[in-house]
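Tertiary structure, described
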Amino acid sequence: MRFFVFLSSVVILVSIVSSPGCFRNSPPEKPILLGPDTAKVGDTISIRVYTIDPEDQVVSYKVEWGDTTTPVWSFFFPSGETIIRTHIYYSPGVYPVRTKAKDIDRGESDWSDTLKLKIN
């Protein structure tokens, strides 16, 4: 009888641990952001963004351009794919640009290192 109770407990425990609700999503790695140091007012700025998701899930990016524009999440892209985001500045100044990533299960990365962009 004890063996049956023990075996039943093991079966219940295994079913709980292996259920979909116990999935632990890891966020994408901190993105790498590459772009120019300087540009002119009105130029189209292109930055390259890259990250890896530990579960190889698709990822979306949000870029803070350092001006008054509101950051929005991009479409989803394959993990490990370098993407290009573009922006135009209309005033001279130094702008801190950074990005973060999130996977399809809403796991968010840390912010990337900040790129200081001087607009003349």
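Use the structure listed above.
Throughout what follows, the structure given in this document is the object of discussion. (Residues numbered from 1 in each chain as written. Predicted model: local features only at pLDDT ≥ 70, side-chain atom pairs only at ≥ 80, totals over all residues. Heavy atoms only, no water.)

**Some remarks on the pairing of strand 4 (residues 59-64)**
The buried fraction of strand 4 is high, at five of six residues. Inspection of the sheet shows strand 4 paired to strand 6 (residues 93-103) by six bridges, in the antiparallel sense. By the bridge assignment, Val59 is partnered in strand 6 with Asp103. (Buried < 20%, exposed > 50% of the residue type's maximum accessible area, 1.4 Å probe, protein only. Helix = DSSP H or I, 4+ residues; strand = E, 2+ residues; numbered from the N terminus. Pairing = 2+ DSSP bridges.)

**A word on the sheet that holds strand 5 (residues 83-88)**
Strands sit in the order 1-3-5 across an open sheet of three strands; the sheet is antiparallel. Looking at which strands have only one partner, the edges of the open sheet turn out to be strand 1 (32-34) and strand 5. Adjacent strand axes in the sheet meet at a mean angle of 30°, parallel and antiparallel pairs treated alike. Two strands pair when backbone bridges link them, and strand 3 (residues 44-50) and strand 5 are joined in this way by six bridges, in the antiparallel orientation. Bridge pairing in strand 5 links Thr44 to Ile88. (Axes fitted to C-alpha atoms, helices over the stretch in contact; angles between N-to-C directions.)

**A short note on the pairing of strand 3**
Going residue by residue along strand 3, you find Ile45, Ile47 and Val49 tucked away on one face and Thr44, Ser46, Arg48 and Tyr50 left uncovered on the opposite face. Where strand 1 meets strand 3, three bridges bridge the pair, whose relative direction is antiparallel. In the sheet register, Leu34 faces strand 3, and the bridge partner there is Arg48.

**Remarks on the pattern of salt bridges**
Taken as a whole, this structure holds three salt bridges when the rule is applied. A salt bridge links Lys100 to Glu108; the nearest nitrogen and oxygen atoms lie 2.9 Å apart. Assessed through its relative accessible area of 12%, Lys100 is described here as buried. Using a relative accessible area of 39% as the deciding quantity, one classes Glu108 as partly exposed. (Salt bridge = Lys/Arg side-chain N within 4 Å of Asp/Glu carboxyl O.)

**Concerning the environment of Pro71**
Secondary-structure assignment places Pro71 in the loop between strand 4 and strand 5. What makes Pro71 partly exposed here is its relative accessible area of 27%. Along the backbone, Pro71 and Thr99 are 28 residues apart, and their C-alpha atoms lie at a distance of 9.3 Å. Leaving out residues up to four positions away in the same chain, Pro71 has contacts with Lys62, Val63 and Glu64. (Contact = heavy atoms within 4.5 Å.)

**Let's talk about the environment of Pro28**
Relative to the assigned elements, Pro28 resides in the loop between helix 1 (2-17) and strand 1. Judged by relative accessible area, which is 4%, Pro28 ranks as buried. Residues Pro28 and Gly107 lie 79 residues apart in sequence; the distance between their C-alpha atoms is 7.0 Å. Beyond its immediate sequence surroundings of up to four residues, Pro28 is in contact with Thr51, Ile52, Asp53, Pro54, Val59, Ala101, Lys102, Asp103, Gly107, Glu108 and Ser109.

**So, unusual backbone geometry**
For Asp56, which is not glycine, the phi torsion reads 60° and is therefore positive. Backbone geometry places Arg106, a non-glycine residue, at a positive phi of 70°. Locating Arg106 in the fold gives a position in the loop between strand 6 and strand 7 (115-119). Taking the relative accessible area as the measure of exposure, Arg106 reaches 68% and is therefore exposed.

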